Amino acid sequence: MLNFTVGPVMSPEYVLDIGADQVPYFRTAEFSQVMFENEALIKEFAKAGEGSRAIFLTGSGSASMEAAVINTLTENDKALIINGGNFGERFTQICRIHHIPFAQITPEKGHGITEADLAPFEGQDFTAFLVNICETSTGVLYDMELISRFCKRNGLFLIADAVSAFLADPIDMEGLGIDVMTTASQKALACPPGISAVVMSARAVERVMSIECGCMYLDLKDALKNAERGQTPFTPAVGTLLQINARLRQIKETGGVDAENVRIASLCADFRSRLTDLPFRPFCNSPSNCVTALTPSSVSAYELFLKLKDEYGIWICPNGGELRDRVFRVGHIGALSTKDNEKLVSAFKDLKDKGFF
Ligand SMILES: *Cc1c(COP(=O)(O)O)cnc(C)c1O
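Residues numbered from 1 in each chain as written. Predicted model: local features only at pLDDT ≥ 70, side-chain atom pairs only at ≥ 80, totals over all residues. Heavy atoms only, no water.

1. Comments concerning the domain arrangement of the protein
When the parts come together, some accessible area is lost, and that loss is often what is quoted as the size of the interface. Each domain of the protein was delimited in the assignment, giving domain 1 (13–253) and domain 2 (256–353). Summarising the inter-unit geometry, the C-alpha centres of domain 1 and domain 2 are found 26 Å apart. Counting from both sides, the interface comprises 24 residues of domain 1 and, opposite them, 23 residues of domain 2. Of all residues in domain 1, Lys109, Leu167 and Ala168 give up the largest surface area on contact with domain 2, accounting jointly for 22% of the area buried on that side. At the junction of domain 1 and domain 2, the tally comes to 3 salt bridges. One salt bridge connects Glu322 with Lys109, and the closest N-O pair in it is separated by 3.2 Å. Listing elements by their share of the side of domain 1 that touches domain 2, those giving two or more residues are β7 (140–141) and α10 (238–253). The biggest single contributor to the side of domain 1 that touches domain 2 is α10, with 3 residues. (Domains from an automatic or database assignment. Contact = heavy atoms within 4.5 Å. Buried area = accessible area lost by both parts, 1.4 Å probe. Salt bridge = Lys/Arg side-chain N within 4 Å of Asp/Glu carboxyl O. Helix = DSSP H or I, 4+ residues; strand = E, 2+ residues; numbered from the N terminus.)

2. What about the site of the ligand?
What surrounds the ligand is a group of 13 residues, the closest being Ser60, Ser62, Thr136, Asp161 and Lys187. Ser60 has a polar side-chain atom sitting 2.5 Å from an oxygen atom of the ligand. For the ligand, the protein covers 88% of the area, taking 390 Å² as the surface of the free molecule. For the shell around the ligand, the elements supplying multiple residues, two or more each, are α3 (61–72) and α4 (86–97). When residues in the shell around the ligand are grouped by element, the largest group, 3 residues, is from α3. Residues belonging to the shell around the ligand are distributed by class as follows: 4 nonpolar, 6 polar and 3 charged. (Near = heavy atom within 4 Å. Polar contact = N/O pair within 3.5 Å; in protein donor to acceptor, adjacent residues only side chain to side chain. Areas by Shrake-Rupley, 256 points an atom, 1.4 Å probe, with all protein chains shown as cover. Nonpolar A, V, L, I, M, F, W, Y, C, P; charged D, E, K, R; others polar.)

3. Section: the sheet that holds strand β10 (residues 195–200)
Here 7 strands make up an open sheet; going across it, the order is β2-β10-β9-β8-β5-β3-β4 and the pairing mixed. The open sheet has two free edges, formed respectively by β2 (53–58) and β4 (102–105), since each of these has just one partner strand. Averaged over neighbouring strand pairs, the angle between their axes works out to 20° when direction is ignored. Note: strand β3 (residues 79–82) against strand β5 (residues 128–132), 3 bridges, orientation parallel. Counted as the bridge partner of Ile81 is Leu130 from β5. (Pairing = 2+ DSSP bridges. Axes fitted to C-alpha atoms, helices over the stretch in contact; angles between N-to-C directions.)

4. Some details on the nonpolar core
The biggest cluster of nonpolar side chains holds 64 residues, and the ones touching the most others in it are Phe129, Val131, Met144, Ile147, Leu167, Ile178 and Met181. Per element, the largest residue contribution to this core is 7 residues, and it comes from helix α2 (residues 29–46). Of the domains in this structure, domain 1 (13–253) and domain 2 (256–353) are the two that each give at least three residues to this core. Excluding residues that lie within four positions of it along the chain, Met181 makes contacts with Ala46, Ala160, Ala162, Phe166, Ile171, Met173, Ala197, Val198 and Val199. In this structure, Ile70, Ile94, Ala128 and Leu218 belong to the second largest nonpolar core, which totals 31 residues. (Core = buried A, V, L, I, M, F, W, Y, C linked by side-chain atoms within 4.5 Å. Buried < 20%, exposed > 50% of the residue type's maximum accessible area, 1.4 Å probe, protein only.)

5. Some remarks on a negative patch on the surface
Together, Glu50, Asp143, Glu145, Asp172 and Glu174 make up a region of like negative charge exposed at the surface. Along the polypeptide, Glu145 turns up in helix α6 (residues 144–154). Judged by relative accessible area, which is 52%, Glu145 ranks as exposed. (Patch = residues over 30% accessible without salt bridge, like charges linked within 9 Å, V, L, I, M, F, W, Y side chains within 5 Å. Lys, Arg positive; Asp, Glu negative; His and termini not counted. Charge placed at Lys NZ, Arg CZ, Asp CG, Glu CD.)

6. Quick word on the sheet that holds strand β11 (residues 280–282)
A sheet is described by the order of its strands in space; here 4 strands give the open sequence β11-β12-β15-β14, paired in antiparallel fashion. With partners counted over all chains shown, the strands left at the sheet margins are β11 and β14 (317–318), one partner each. Bridging between strand β12 (residues 291–296) and strand β15 (residues 328–331) involves 4 bridges; their strand directions are antiparallel. Paired with Thr292 across the two strands is Val330, which belongs to β15.

7. What to know about the environment of Leu189
Within the secondary structure, Leu189 is located in the loop between β9 (180–184) and β10. Of the residues examined, Leu189 reaches a relative accessible area of 3% and is grouped as buried. Contact partners of Leu189, with chain neighbours within four places excluded, come to Leu167, Thr183, Ala184, Arg247 and Leu248.

8. Focus on the pattern of salt bridges
Applying the stated criterion across every chain, the model contains 19 salt bridges. The closest approach of N and O atoms between Arg247 and Glu260, which form a salt bridge, is 2.7 Å. In this pair, Arg247 sits in helix α10 while Glu260 sits in helix α11 (residues 256–273), placing the two residues 13 residues apart along the sequence. Comparing Arg247 with Glu260, the two get one shared label, buried.

9. Here's the deal with the packing of aromatic side chains
Scanning the entire structure with this criterion turns up 12 aromatic pairs. Geometrically, the ring pair formed by Phe280 and Phe348 is edge-to-face, given 4.9 Å between the ring centres and 75° between the ring planes. Here Phe280 is found in strand β11, whereas its partner Phe348 is found in helix α13 (residues 338–353), with 68 residues between them in sequence. You can call Phe348 buried: its relative accessible area is 0%. Among the aromatic residues, ring-to-ring pairing joins Phe280, Phe328, Phe348, Phe356 and Phe357 into one connected group. The ring centre of Phe157 lies 4.1 Å from the NZ or CZ of Arg207, which sits over that ring. Stacked on the ring of Trp315, the Lys or Arg Lys309 has its end atom at 5.8 Å from the ring centre. (Phe/Tyr/Trp six-rings, centres within 6.5 Å; stacked < 30°, edge-to-face > 60°. Lys NZ or Arg CZ within 6 Å of the ring centre and 35° of its normal.)

Here is the structure:
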């Protein structure tokens, strides 16, 4: 199997090996030590700054998105949401369900946002800003410098879903003034699905402490309190947390988050440089390093996904809904190499030679 989807992605051998072991009991000093290290490393890699905290929830990335919103915003807030695809849409759904007032900016699919998109919302009564740093469904990387300046100018609390962007694109929580950042195990962390993380600035921790979130399982107050002793309120996905620990340590030992950003960016640039003779157009005008969204000119993107899966054993990432036939995506996260890029591009060229497109 060769997997170029955006999650679950392929895991390196040392992560797979841990998955083959028995899962240990976790109310122990040894497991607490692992969790202390997980918290410290994820904060370091997010550049979260003084007084920040991180907790790990057992749930997919959406659990951390919902936890972030319900633990830091209330009916008295008003959120501005960038909704440029499935994951932006998810933030609107979360706010709607939890009665948090919001307005949305809906850029054209595949497009980033500009100063002009934000201008009408300047100096209004918003209190918070919600964005998916990489809108994975279209591959767009939003201009976080622009968003950061807007939030600072307008005094907005900034929640950034970095589920796919974390480790793939440079993120500096403190520098950008990001208050809450979320990520998940099955994206660039390259572990099995099941764990998502919420990294909070000191200001966010204060907010969490002052809000009744109205949910037992996703209560971050409870999670923060337990994390003080390296524990979680409920049985976590213990095995996945051990795998995350091995992965975070490996990143630390090989140059830290900046080196990992560079590794993923190079893999991504290598793939994009190989596309010259193929009938694909980039779908997106400000792409993330985590994924390349492409539009084939003469075949259905979904048919291409099926063909590669069934005849070559290679998985690219299909799109759903209105983009199903127009867009497919190639991920650059997980245990992939330039050799793998070469295999995928050879398969594309083989299909071209056979007249598929
Ligand atoms: C993958 C992803 C999520 C989380 O999706 P789950 O299926 O709940 O893990 C959230 N936001 C973004 C931007 C993602 O790429």
